[in-house]
Amino acid sequence: MATVPRYFPARPEWRPLHESDVAYIAALEAQIHAAPWTAGNFRDALAAGYSATVGEREGRIVAYGVLMLAPGEAQILNLSVVPDSRRQGLGRELLRRFIDDARRLGAEQIFLEVRVSNVAAIALYAAEGFKPVGRRESYYPALAEGMAREDALVMRRPVLVSPAL
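Residues numbered from 1 in each chain as written. Predicted model: local features only at pLDDT ≥ 70, side-chain atom pairs only at ≥ 80, totals over all residues. Heavy atoms only, no water.

Visitor: Summarise the sheet that holds strand S3 (residues 60-70); cite the residues concerned and give the values.
Guide: Within the open sheet, the seven strands sit side by side as S1-S2-S3-S4-S5-S7-S6. Their pairing is mixed. Each edge of the open sheet is held by one strand with a lone partner, namely strand S1 (13-16) and strand S6 (131-140). Neighbour to neighbour, the strand axes of the sheet diverge by 25° on average, direction disregarded. Sitting on the sheet, helix H1 (residues 22-32) is in contact with strand S2 (51-57), S3 and strand S4 (73-81), with an inclination near 95° to S3. (Pairing = 2+ DSSP bridges. Helix = DSSP H or I, 4+ residues; strand = E, 2+ residues; numbered from the N terminus. Axes fitted to C-alpha atoms, helices over the stretch in contact; angles between N-to-C directions. Contact = heavy atoms within 4.5 Å.)

Given below as structure tokens:
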């Protein structure tokens, strides 16, 4: 019996986010997140010198993120994958790129915040060595009208160690 070969999408090409990407990224952000960053937020991140990265596949941005560096630490401010490209390892790949960037630039630890309801993201971060270190109550806007604001789970990972696999 013949089998149909499974389609494996090409790995994205990673590059810095450019000013010319901002309008498109902001439009993606508005589709992906309940409390999206604005074009102004992305422009501010670029102006501040934050590490902003996009992953492109076949000329289309499929993942993006922003990493802020400070003395001794880094914080992932945004890590997003477009819905039709999820579950393909892109979030993990971008997360690892940010960890490597933080290590290369001398950070000792890296932080992030995630909605407590985002079970898939929390599992990814835990698998990559992040541990919960705090909770910000009512940090995120409600996902829908009439719902309560949502807590953020604050997670931390030492940069110099590899996650336990």
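Visitor: Explain the packing of aromatic side chains to me, using residue names and the numbers behind them.
Guide: For the coordinates displayed, the defined rule picks out three aromatic pairs. Between Trp37 and Phe42, the ring centres sit 4.9 Å apart and the planes meet at 45°, which makes this aromatic pair tilted. Centroid distance Phe42 to Tyr64: 6.0 Å. Interplanar angle 70°. Geometry classified as edge-to-face. Note that Phe42 is positioned in helix H2 (residues 39-47) and Tyr64 in strand S3, a separation of 22 residues in sequence. Take Phe42 and Tyr64: they sit in the same class, and that class is buried. Here the aromatic cluster, defined as three or more aromatic residues joined through ring pairs, consists of Trp37, Phe42 and Tyr64. (Phe/Tyr/Trp six-rings, centres within 6.5 Å; stacked < 30°, edge-to-face > 60°. Buried < 20%, exposed > 50% of the residue type's maximum accessible area, 1.4 Å probe, protein only.)

Visitor: How would you explain the pairing of strand S7 (residues 150-158) if you had to name every residue and give the values?
Guide: Most of S7 is tucked away: seven of the nine residues are buried. Here strand S5 (residues 109-115) runs beside S7; their pairing, made up of seven bridges, is antiparallel. Paired with Ile110 across the two strands is Arg157, which belongs to S7. Bridge count between S6 and S7: six bridges; the pairing is antiparallel. By the bridge assignment, Pro132 is partnered in S7 with Met155.

Visitor: Describe the side chain of Glu128, with residues and values.
Guide: Within the fold, Glu128 resides in the loop between helix H4 (119-127) and S6. For Glu128, a relative accessible area of 2% puts it in the buried group. Within the structure, Glu128 has its side chain in polar contact with the side chain of Arg96 (distance 2.8 Å). (Polar contact = N/O pair within 3.5 Å; in protein donor to acceptor, adjacent residues only side chain to side chain.)

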